[in-house]
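# Structural overview for review
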Amino acid sequence: MTLRDRISRHGGVVAGALLTLALGACSAGAGAGGSSGGDSNGGDAASFYKGKTLQIIVPYGPGGGYDQWPRLLEPYMKKYLGVAAVKVVNAPGGGGLIGSQQIYDAKADGLTIGDTNAGGDVFDQIDSAQGYNMDVTKFNWIGRPDDDPHVIAVRKGTFADFNALISQTRTIKALATGKGSSDYNAAVIVYNSFKVPFQMVAAFSGSSDEKAAFLAGNGATASLSSSDIAAAGSKVDAVVVVSSQPFAKLPDVPTVVDVAKQKGLPQNTVDALSALSDVMDLGHAFFAPAGVPQDRLALLRSAFQQSMQDSGLLDAAQKAGLYPGYESGDDLQKATADALTHKDLFTGLLKTAS
């Protein structure tokens, strides 16, 4: 069962039940990095957060999905967590690596969280990427806010469909955010799987900059979330969904796994693309550093889920053109651990031309 398959199962969980868990001294909601003790300050988690400021670190610049979700969540996390304020801080650079490292290295008091390019983190760990000094199995996952699958898009009038794109023999210039990001690795794996000659261009601070460059005519394709592509309107066409499951908002766009099967690609390549799809479904995932006390982590998770069930946030997300789809921290914990077991499937597919 993929992450997207599990969304509907978890979306209806009663928020009050999680809040009860959050206030328990030994909540089962703690992630792998949570400490076994209760609140180190001697009170419960709710009293700890009262009057304090929660910091949400965004590893990318303003404007893209990684920035939009924390800002939408800000008033609701304040409401349900009981803090005096929520501060959103942009920390772009290194394809998201700088900001994610700041979250990972933050004081484990439950007052610093952030959203990360979870798929990029997984692939950086699989590929032993230079400068990557984290371990995703130690992330204290809080939750994912969106069901927003990744797509590869072309400007209207350039390629009729994905078959036309992968059939041409000229080297294409493919845009993505920084090297090592999930959209970068998704494009690399897809093009290598279908043996498309390509050159990656990845010098953007976030998806909004990538989209602007793409619309300006720089690059043949862009690797972005479906909501980013939808925001571009009639100027672009999504040609393939990087998933194993069709996306209802793009009913005429094939999945990369279906195309691979239709083209008769080797089974190990199909398996790799299926594993890629599971990694990409991790989305804009939020986490806290290892060592956060269990009761605080559980309250963070509860506040996140309650925020995602709040009609005010859902209305705001719809107006912003975002696609809400809550996923629990427990499922993210399992999914990232599972993804790392597929390392051998990606041998050779993460390589780019020198």
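In what follows, the accompanying structure is described. As the structure is a computational prediction, the values presented were derived from the model and not from experiment. (Residues numbered from 1 in each chain as written. Predicted model: local features only at pLDDT ≥ 70, side-chain atom pairs only at ≥ 80, totals over all residues. Heavy atoms only, no water.)

## Quick word on the pattern of salt bridges
As a reminder, the rule being used: When a carboxyl oxygen of Asp or Glu lies within 4 Å of a side-chain nitrogen of Lys or Arg, that pair is called a salt bridge. Accessibility here uses a 1.4 Å probe with only protein chains present; expressed as a share of the type maximum, an area under 20% marks a residue as buried, one over 50% as exposed, and anything in between as partly exposed. The helix count covers DSSP runs of H or I at least four residues long, the strand count covers runs of E at least two residues long, and both are numbered beginning at the N terminus.
Under the defined criterion, the tally for this structure stands at seven salt bridges. For R144, the salt bridge identified is with D146, shortest N-O distance 4.0 Å. A relative accessible area of 1% means that R144 is categorised as buried. Linking D228 and K211 is a salt bridge whose minimum nitrogen-to-oxygen distance equals 3.8 Å. Here D228 is found in helix 10 (residues 226-231), whereas its partner K211 is found in helix 9 (residues 207-215), with 17 residues between them in sequence. Exposure class is identical for D228 and K211. Each is buried.

## A word on the pairing of strand 8 (residues 221-225)
As a reminder, the rule being used: A strand pair is defined by DSSP finding two or more bridges across the two strands.
Along strand 8, five of the five residues are buried, which leaves the element largely enclosed by surrounding structure. Pairing analysis gives five bridges linking strand 5 (residues 150-155) to strand 8, with the strands arranged antiparallel. From the neighbouring strand, I152 faces strand 8, where its bridge partner is S223.

## Focus on the environment of V89
Let me state the cut-off plainly: Whether two residues are in contact is decided by their heavy atoms: any pair within 4.5 Å suffices.
Along the chain, the position of V89 falls in strand 2 (residues 85-90). By relative accessible area, V89 is classed as partly exposed at 21%. Taking the C-alpha atoms as reference, V89 lies 7.1 Å from Q55; in sequence the two are 34 residues apart. With sequence-adjacent residues up to four places away left out, V89 is seen in contact with Q55, I56, I57 and V58.

## Topic: the sheet that holds strand 6 (residues 172-175)
Backbone hydrogen bonds hold the strands of a sheet together, and the pairing may be parallel or antiparallel. Just so we agree on the cut-off: Here the axes come from fitting lines to C-alpha atoms, over the contacting stretch only for helices, and the angles between their N-to-C directions go from 0 to 180 degrees.
Taken in spatial order, the five strands line up as 7-6-8-5-9 in an open sheet, and their pairing is mixed. Each having just a single partner strand, strand 7 (198-201) and strand 9 (236-241) make up the two edges of the open sheet. Between one strand axis and the next, the sheet turns through 30° on average, direction left out of account. Both strand 6 and strand 7 contribute to a ladder of four bridges, which runs parallel. In the strand pairing of strand 7, L175 is matched with V201. Packing of helix 8 (residues 182-193) onto the sheet brings it into contact with strand 5, strand 6, strand 7 and strand 8, and relative to strand 7 it is tilted by some 180°.

## What about the packing of aromatic side chains?
The following threshold applies: Between the rings of Phe, Tyr and Trp (Trp by its six-membered ring), a pair exists once the centres lie within 6.5 Å; its type follows the angle of the planes, with under 30 degrees stacked, over 60 edge-to-face, and the other angles tilted. In this analysis the charged atom, NZ for Lys or CZ for Arg, is taken to sit over a ring once it is within 6 Å of the ring centre and within 35 degrees of the ring normal.
By the definition in use, this model includes 12 aromatic pairs. The structure contains a cluster of three or more aromatic residues connected by ring pairs, namely Y104, F139, W141 and F287. Lying over the aromatic face of F48, K52 brings its terminal NZ or CZ to 4.5 Å of the ring centre. A cation over a ring is seen here: R296 above F48, with NZ or CZ 3.5 Å from the ring centre.

## Observations regarding the sheet that holds strand 1 (residues 53-58)
Spatially, 2-1-3-10-4-11 is the arrangement adopted by the six strands of the open sheet, whose pairing is mixed. Since the sheet does not close on itself, it has two edges, and those belong to strand 2 and strand 11 (324-328), each with one partner. The sheet shows a mean angle of 25° between the axes of neighbouring strands, direction not considered. One ladder, built from six bridges, connects strand 1 with strand 2; its direction is parallel. Paired with L54 across the two strands is V86, which belongs to strand 2. Packed on one face of the sheet, helix 6 (residues 118-126) meets strand 3 (112-117), strand 4 (140-146) and strand 10 (284-288) and runs near 75° to strand 3. Across the face of the sheet, helix 13 (residues 294-309) comes into contact with strand 1, strand 3, strand 4, strand 10 and strand 11 while running at roughly 5° to strand 4.

## Structural notes on the pairing of strand 1
Just so we agree on the cut-off: Assignment of crossover handedness uses the view with strands pointing away from the viewer, where a clockwise path from the first strand over the helix to the second indicates a right-handed crossover.
A crossover connection joins strand 1 to the parallel strand 2 through helix 4 (residues 65-81); in handedness this β-α-β unit is right-handed. One ladder, built from three bridges, connects strand 1 with strand 3; its direction is parallel. By the bridge assignment for strand 3, Q55 is matched with T112.

## Description of the packing of helix 4 against helix 13
Which entries qualify depends on this criterion: Less than a right angle of anticlockwise turn of the near helix away from the far helix marks a crossing as left-handed, whereas a clockwise turn marks it as right-handed. Each residue is assigned to one of three groups, with Ala, Val, Leu, Ile, Met, Phe, Trp, Tyr, Cys and Pro labelled nonpolar, Asp, Glu, Lys and Arg labelled charged, and all others, Gly among them, labelled polar.
At a minimum axis separation of 9 Å, helix 4 and helix 13 run at an interaxial angle of 115°. Here helix 4 and helix 13 pass one another in a crossing that is right-handed. For the pair helix 4 and helix 13, the contacting residues are W69, L73, Y76, M77, Y80 and L81 in the first and L299, L300, A303, F304, Q306, S307 and M308 in the second. Of the residues contributing to the contact of helix 4 with helix 13, the split by class is 11 nonpolar, two polar and no charged.

## Points about helix 15 (residues 329-340)
Our working definition: To estimate how far a helix should reach, multiply one less than its number of residues by 1.5 Å.
In this model, helix 15 (12 residues) spans 17 Å end to end at C-alpha, consistent with the 16 Å of a helix rising 1.5 Å per residue. All buried positions along helix 15 are accounted for by G329, D331, L332, Q333, A335, T336 and A339.

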